[in-house]
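Report on the structure
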Amino acid sequence: MLILNKTAGVFSKPPKRKVYEFLRSFNIYPGTLFLHKLVLGIETSCDDTAAAVVDETGNVLGEAMHSQTEVHLKTGGIIPPVAQQLHRENIQRIVQEALSVSRISPSELSAIATTIKPGLALSLGVGLTFSLQLVDQLKKPFIPIHHMEAHALTIRLTNNVEFPFLVLLISGGHCLLALVRGVSDFLLLGKSLDIAPGDMLDKVARRLSLIRHPECSTMSGGKAIEHLAKQGNRFHFDIKPPMQRAKNCDFSFSGLQHAIDKTIMQKEKEEGIEKGQILCSAADIAAAVQHTTACHLAKRTHRAILFCKQRNLLPQSNAVLVVSGGVASNLYIRKALEIVTNATQCTLLCPPPRLCTDNGIMIA
């Protein structure tokens, strides 16, 4: 808690007047009686402002979210000060919406849970300072939440999953493999040594200028790659998966990105086009990079499953692999991981798409 307070001091607190106005804006719903503990979850670790109210049985009473995707698509990526400002502009409205949908007043909350790490410091600061101010006014307990732990445990909201299980978290900011032995009990087996897979796919999409492609102009980089890959032939480009000789469960995606960059540069020369124009072979490149990414994730995960089973860290049969994070919504990558789980007598589970990406429910 000492570390948390020091962190909070770095960020400017919102005026108390705003918080008072926020609290006064709520209607009291007579006759509503809540017998369970109610937790408000607030998430601002990256570019989504999200909030939700969940009770202790896992029932979601209400949620709200504001996505910044459209803004960041125009700038070609997330600019932290821009993300921070958008969080500031929307957090009060989003929290109010989540509480209103839940039909509860702030005084009925049992606690407030907020993401404190990891993530963009400027974005995290908005959620943290707002939450601490609210905690101070309501005199409610504050629960600091680790963003990746929340992702890892979300599956237990939708499925009856017993400990231990293996989790693969893949997103635009993270990539890790861990054995989940209990709540807040994780054994890290592998992580990305450089960039995350979602970040790599976004960069490849920008290098291919897919925002100018008529079918992909409103999609995020990863979604654009997945969409275009369906039309391409991955066999037109031979791209080797990274770390094939590494005897561990770590990942690497920066080398793959550089290899794709070289391929794109070569094809631009061959097709006689300038950087920023759409290549005729863009779909083939998208298919190749998606396939190589899927193979890399599948092979490293396969190693982790074998390691855990060899040391009896997972059940020999009916072990569970949970895949979550934004990249987990990619159906091609999910299929590659399903091949691995079928071969190792495991069950592959993924949260619903809306719970794979950042959200307030997983925090609550």
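Keep in mind that what you see is a predicted model, and the values were worked out from it rather than measured.

What follows covers the packing of helix α8 (residues 197-207) against helix α9 (residues 221-229). At a minimum axis distance of 7 Å, the contact between α8 and α9 shows a crossing angle of 70°. As judged from the angle between their axes, α8 and α9 are roughly perpendicular. For the pair formed by α8 and α9, the contact residues are Leu201, Asp202, Val204 and Ala205 on the first element and Gly221, Gly222 and Ile225 on the second. Here the residues of the contact of α8 with α9 are counted per class, giving four nonpolar, two polar and one charged.

Of the pairings in the sheet, the one linking strand β2 (residues 48-55) to strand β3 (residues 60-67) comprises seven bridges and is antiparallel in character. In the sheet register, Val53 faces β3, and the bridge partner there is Gly62. The hairpin turn running from β2 into β3, its antiparallel successor, is four residues long, and Gly58 in that turn takes a positive phi close to 90°.

Below, the discussion takes up the state of the cysteines. Where two cysteines share a covalent bond between their sulfur atoms, that bond is called a disulfide. Considering all chains together, one arrives at zero disulfides under this definition. No disulfide involves Cys350; its nearest neighbouring cysteine sulfur is the one of Cys356, lying 5.9 Å away. Cys350 sits in the buried class, given a relative accessible area of 19%.

A separate point is the sheet that holds strand β7 (residues 175-182). If you trace the five strands from one edge of the open sheet to the other, you get β8-β7-β6-β9-β10, paired in mixed fashion. The strands lining the two open edges of the sheet, one partner per strand, are β8 (185-191) and β10 (346-349). Each adjacent strand pair in this sheet contributes to an overall mean axis angle of 25°, direction not counted. Bridging between strand β6 (residues 165-170) and β7 involves six bridges; their strand directions are antiparallel. Within β7, the residue paired with Ile170 across the bridge is Cys175. Lying on the sheet, helix α12 (residues 331-343) is in contact with β6, β9 (319-324) and β10; it crosses β10 at an angle near 160°.

This part covers the side chain of Ser324. You can see Ser324 is positioned in strand β9. With near-sequence residues (within four places) excluded, Ser324 lies in contact with His151, Leu168, Leu169, Ile170, Pro351, Leu355 and Cys356.

According to the domain assignment, the chain consists of domain 1 (36-140) and domain 2 (165-351). Distance between the C-alpha centres of domain 1 and domain 2: 29 Å. Of the residues lining the interface, four residues belong to domain 1; the matching set on domain 2 comes to seven residues. Here domain 1 meets domain 2 over a buried area of about 390 Å², counting both sides, of which 68% is carbon and sulfur. The tally of links from domain 1 across to domain 2 stands at zero salt bridges. Scanning the region where domain 1 abuts domain 2 turns up zero residue pairs in polar contact (both at pLDDT 80 or more). Among the residues forming the side of domain 1 that touches domain 2, the class breakdown is two nonpolar, two polar and no charged.

Let's shift gears to the pattern of salt bridges. Pairing of side chains with opposite charge becomes possible as their charged atoms draw close. Considering all chains together, one arrives at eight salt bridges under this definition. Across the salt bridge formed by Arg354 and Glu63, the nearest N and O atoms sit 2.4 Å from each other. Here Glu63 lies in strand β3 and Arg354 lies in helix α13 (residues 353-356), a separation of 291 residues in the sequence. In this structure Glu63 comes out as partly exposed when scored by relative accessible area, which is 36%. The salt bridge partner of Glu268 is Arg207, with a shortest N-O separation of 2.9 Å. Residue Glu268 is found in helix α10 (residues 254-271), and its partner Arg207 is found in helix α8; the two are separated by 61 residues along the sequence.

Two numbers describe how α10 lies on helix α11 (residues 282-310): the axes approach to 11 Å, and their chain directions differ by 165°. With respect to each other, α10 and α11 are oriented roughly antiparallel. Remark: the crossing between α10 and α11 carries right-handed chirality. Across the interface between the two elements, Leu256, Ile260, Ile264 and Lys267 from α10 touch Ile285, Val289, Thr292 and Thr293 from α11. Partitioned by chemical class, the residues of the contact of α10 with α11 number five nonpolar, two polar and one charged.

Conventions and cut-offs
- Residues numbered from 1 in each chain as written.
- Predicted model: local features only at pLDDT ≥ 70, side-chain atom pairs only at ≥ 80, totals over all residues.
- Heavy atoms only, no water.
- Axes fitted to C-alpha atoms, helices over the stretch in contact; angles between N-to-C directions.
- Helix = DSSP H or I, 4+ residues; strand = E, 2+ residues; numbered from the N terminus.
- Parallel < 35°, antiparallel > 145°, perpendicular 65-115°, else oblique.
- Contact = heavy atoms within 4.5 Å.
- Nonpolar A, V, L, I, M, F, W, Y, C, P; charged D, E, K, R; others polar.
- Pairing = 2+ DSSP bridges.
- Disulfide = S-S within 2.5 Å.
- Buried < 20%, exposed > 50% of the residue type's maximum accessible area, 1.4 Å probe, protein only.
- Domains from an automatic or database assignment.
- Buried area = accessible area lost by both parts, 1.4 Å probe.
- Salt bridge = Lys/Arg side-chain N within 4 Å of Asp/Glu carboxyl O.
- Polar contact = N/O pair within 3.5 Å; in protein donor to acceptor, adjacent residues only side chain to side chain.
- Left-handed = near helix turned anticlockwise from the far one by under 90°.

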